[in-house]
Amino acid sequence: MTEPMVRAEQVHKRFGRLAVLKGVSLTVMPGEVTCVIGPSGSGKSTFLRCVNHLEKIDAGRLSVDGQLVGYRQEGDKLYELREREVARNRAEIGMVFQHFNLFGHMTALQNVCAAPVQVLGIARQEAREHGIELLRRVGLEDKRDAYPSQLSGGQQQRVAIARALAMRPKLMLFDEPTSALDPELVGDVLAVMRGLAESGMTMIVVTHEMGFAREVADTVVFMDGGVIVEAGTPSELLANPREARTRDFLGKVL
Amino acid sequence: MLLLVAVSIDSIVSNPRFEWDVVGDYLFDDRILDGLVLTLELTVAAMAAGIVLGVLLAVMRLSPNPLVAGASGFYIWLFRGTPVLVQLLFWNFIAALYPEISIGVPFGGPEFFSIQANSAITPFVAALLGLGLNEGAYMAEIVRAGILSVDEGQHQAAHSLGMSRLQTMRRIVLPQAMRVIIPPTGNETISMLKTTSLVSVIATAELLYAAQLIYAENYRTIPLLIVASIWYLALTTVLTIGQYYLERHFGRGSARELPLTPWQRFTRIVVPRHAEPATEPEASGR
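What you see is a predicted model, and the numbers here were worked out from it, not measured in a lab.

Engineer: Can you help me understand helix α8 (residues 123–149) of chain B in this one?
Structural biologist: What sets the pattern is the α-helix's 3.6 residues per turn: residues three or four places apart point alike. Along its 27 residues, α8 of chain B runs 39 Å from first to last C-alpha, staying within 8% of the 39 Å computed at 1.5 Å per residue. A maximum bend of about 25° is found in α8 of chain B at A137 of chain B.

Engineer: Explanation requested: the sheet that holds strand β5 (residues 67–68) of chain A in the structure shown.
Structural biologist: By way of backbone hydrogen bonds, the strands of a sheet pair with one another, either parallel or antiparallel. Residues and elements named next belong to chain A. Across the sheet, which stays open at both edges, the four strands sit in the order β2-β1-β4-β5 with antiparallel pairing between neighbours. Of all the strands in the sheet, just β2 (18–28) and β5 have a single pairing partner and so form its edges. In this structure, strand β4 (residues 59–64) lies alongside β5, joined through two bridges in antiparallel fashion. In the strand pairing of β5, V64 is matched with Q67. Packing against the sheet, helix α1 (residues 44–51) makes contact with β1 (6–15), β2 and β4, and its axis sits at approximately 65° to β2.

Engineer: Help me understand the sheet that holds strand β12 (residues 227–232) of chain A, please; the structure alone is not making it clear to me.
Structural biologist: Residues and elements named next belong to chain A. Strand order in this open sheet of six strands is β8-β9-β10-β3-β11-β12, and the pairing throughout is mixed. Either end of the sheet is taken by a strand with one partner, and the two such strands are β8 (93–96) and β12. Geometrically, the sheet is characterised by an average inter-axis angle of 15° between neighbouring strands, direction not taken into account. Where β8 and strand β9 (residues 171–175) come together, four bridges link them in parallel fashion. Pairing of I93 across the sheet is with L171, part of β9. Relative to strand β10 (residues 203–206), helix α6 (residues 183–198) is tilted by about 150°, and along the sheet it contacts β3 (33–37), β9 and β10.

Engineer: Mind showing me how you'd approach the packing of helix α3 (residues 108–118) of chain A against helix α4 (residues 124–137) of chain A here?
Structural biologist: All names here are of chain A. Across the interface, α3 lies against α4 with an axial gap of 9 Å and an inter-helix angle of 130°. The angle between α3 and α4 places the two elements in the oblique class. Crossing hand, α3 versus α4: right-handed. Contact residues: A108, L109, V112, C113, P116 and V117 in α3; R124, A127, R128, G131, I132, L134 and L135 in α4. Classifying every residue of the contact of α3 with α4 gives ten nonpolar, one polar and two charged.

Engineer: Teacher, can you tell me more about the nonpolar core here?
Structural biologist: Soluble globular proteins tend to pack their nonpolar side chains together in the buried interior. All names here are of chain A. Counting 51 residues, the largest nonpolar core has I37, I161, M172, F174, M193 and M203 as its most contacted members. Broken down by element, the residue count for this core peaks at seven residues, all from α6. By size, the runner-up hydrophobic cluster in this structure holds 38 residues, among which are V28, V36, A114 and M223.

Engineer: It is not clear to me how a nonpolar patch on the surface should be interpreted in this structure. Could you clarify?
Structural biologist: Residue and element names in this part refer to chain B. On the surface, M1, V5, I9, I12, V13, W20 and I230 cluster together to form a nonpolar patch covering roughly 690 Å² of accessible area. At four residues, the largest contribution of residues to the nonpolar patch is made by helix α1 (residues 2–14). Tracing the backbone shows I9 in helix α1. The exposure class assigned to I9 is partly exposed, which follows from its relative accessible area of 49%.

Engineer: What am I meant to see in the pattern of salt bridges here?
Structural biologist: Close approach of charged atoms allows side chains with opposite charge to pair. Evaluated as defined, the whole model comprises 19 salt bridges over all chains. One salt bridge in this structure joins K56 of chain A and E80 of chain A, with 2.9 Å as the shortest N-O distance. Of this pair, K56 of chain A sits in the loop between α1 and β4 while E80 of chain A sits in strand β7 (residues 77–80), and the two are 24 residues apart along the sequence. Judged by its relative accessible area of 41%, K56 of chain A is partly exposed. Note that R31 of chain B is salt-bridged to E217 of chain B, the shortest N-O span being 3.5 Å.

Engineer: In this structure, what is going on with the packing of helix α10 (residues 165–195) of chain B against helix α12 (residues 221–250) of chain B? I would like to understand it.
Structural biologist: Any two packed helices are characterised by the angle at which their axes cross and by the distance between the axes. Residue and element names in this part refer to chain B. Packing of α10 against α12 leaves a shortest axis separation of 10 Å and a crossing angle of 175°. Between α10 and α12, the angle falls in the class roughly antiparallel. For the pair α10 and α12, contact is made by P175, M178, R179, I182, P183, G186, N187, T189, I190, L193 and K194 and by Y232, L235, T236, L239, T240, Q243, L246, E247 and F250, respectively. Residue composition of the contact of α10 with α12, by class: eleven nonpolar, six polar and three charged.

Calculation rules
Residues numbered from 1 in each chain as written. Chains lettered and ligands numbered in written order. Predicted model: local features only at pLDDT ≥ 70, side-chain atom pairs only at ≥ 80, totals over all residues. Heavy atoms only, no water. Helix = DSSP H or I, 4+ residues; strand = E, 2+ residues; numbered from the N terminus. Expected span 1.5 Å × (residues − 1). Bend = angle between axes of the 7 residues up to and from the residue. Pairing = 2+ DSSP bridges. Contact = heavy atoms within 4.5 Å. Axes fitted to C-alpha atoms, helices over the stretch in contact; angles between N-to-C directions. Parallel < 35°, antiparallel > 145°, perpendicular 65-115°, else oblique. Left-handed = near helix turned anticlockwise from the far one by under 90°. Nonpolar A, V, L, I, M, F, W, Y, C, P; charged D, E, K, R; others polar. Core = buried A, V, L, I, M, F, W, Y, C linked by side-chain atoms within 4.5 Å. Buried < 20%, exposed > 50% of the residue type's maximum accessible area, 1.4 Å probe, protein only. Patch = residues over 30% accessible without salt bridge, like charges linked within 9 Å, V, L, I, M, F, W, Y side chains within 5 Å. Areas by Shrake-Rupley, 256 points an atom, 1.4 Å probe, with all protein chains shown as cover. Salt bridge = Lys/Arg side-chain N within 4 Å of Asp/Glu carboxyl O.

Listed below in C-alpha cells is the structure:
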C-alpha cells in the first residue's frame, strides 16, 4: 500500500476566539487531484495554508509525504521544528495564491528563478534554462522579461504556477487561483492546471470552478463551518449530494 | 508679488553690508573647503552608519522574538528621546565617564585590548557616534514603515517557496520597500547635512565651524555665514538630484514605463528621436 501524500487527522485551528477549523480529516494519495469547495468562511483556504505551515495548527495531526508538518515526533511528544527545517519542508510544496503574489521588482523569469537559486542552490544558468522551459509550458515564453505590472491577471497567475513548479514540488496547493481573474482569462489558467493534473502532479485545489472540479478532480470535498461535510467522486458529490447543506450550496452556485 | 521679489532682490544686491565681495573672497578659501570636506565626510559616514543600523533595528523590531523586538524598541526610545546636541556632548565627554576602554572577559577576566578614551574618542569619532547612532533610531522607523508597506502576500509567497525569514527580507521585501524608504531617507540625508553643523559645539572644524573660526578673526560675520549657506544649498541641490535618480532606479516594476528624466526630455526636444516620415512614397507602394 502506498503512503498517502497528505494525511490530515482532526485538524483544529482557531484565530483568537474564532474556531476556523473544527476537526478536518482528509487523505490525498499521490497523483490525486482533490478539489475543495464550500462557501466563503468555511475554512478551506485556512486548511490549505495549514498544509504548508503558513498557519500553525492548534490540535490534530497533519503530515505530508509521511512527515509531520511543522513538528517532529520523539516518543509521544511533539517538538516544533526550527525555522530552517520548516522552510526546507515548504520548499517541497508549491503554492499558488488567489492574488498571484508575484515579486513586483522582478521580471517573470526572475520570479521563476529566484527560489531555485537561493533556496536549492541551483546554478544560475541551469535555473534560467529550467525557468524558460517552465514559462514555455505555461505559454508565456515571450513574456519572460516583463514585470508583473505589465502582465494581465491570467498571465501573472500562470507565471506564479511556473514559479511554484520551478522548485520541483511533490505537492501543489492552489488557493482559489482563478477567483481574482476576469472571466475570459480563467480558461488559460485552468488549462495549465489541467495539464499539470494530467502529468500526475498531486494537487489540492480550493476553487469555485465547478466545471473544473467535475472534469479534473478525483475527489471533491465540501467544507462548511470548519468541517468536511461530505467528500466523494465528482459524480457522486456534485450530481447526487447526500447532505442537505451540500445540496443547498450546490443549488446556489450551479 | 513680483514687486515684493524685485524689492528683496534690490535690497540684497544694493545693501553694502552683505559684503558680496568678501563672500566671493572666502567662497573657495582653503579653510572653508576643508570644512566642506569634513561636513561631507561626516554626512556620508553618519548616514551610512544610520542606514545600516536602521535596517538592523527595523528587522529586529519586527522580529517575532519579544526580546529582540524589545531591545530595538528600547534603543529607538533612548536615542530618539534625547536631543542630538546632548548626545554629541555626551560622546565628547565620554572620557569622564569611562576613562579607559578595554576589550576582555568581563567581571575581572583577562584583558585583551585597552585604550585611553581620550585618544580613541577624538572629536571626529564623537561626532560620528553622536550623529550616526541618533540617525539609526530615525532610520529604523523609516525602514520599518517601508517593510510594512510591502504586501503580506509577498512574505507568504516567499515563505511558501522555502525562503527563510532573512532571505525573504533581503531578496523580496527590502528591495520593494526601497520605493517607500528612499524619499524620507533623502530627506534625512539633507537634514543630516545641516545637522552636522551642530558638531561645531565640540570643536570639529566642519563647514560652519570653519566659517566661525574665520569670522572670529576678521569680524566679517554675515558674509561668512552666507558662504556657509551657499555651500549647504549647493550640496542639498546635488543630493536632491541624486535622490531623483535613485527613486527612478527602485521604481522599476511598479510603473509600466519609467518616466523620462528631465535630461532625456530635454534631448528629445532638441533632437527628435523618431523623425516622423510625413510622406514616404516608397513605403505605401510595397
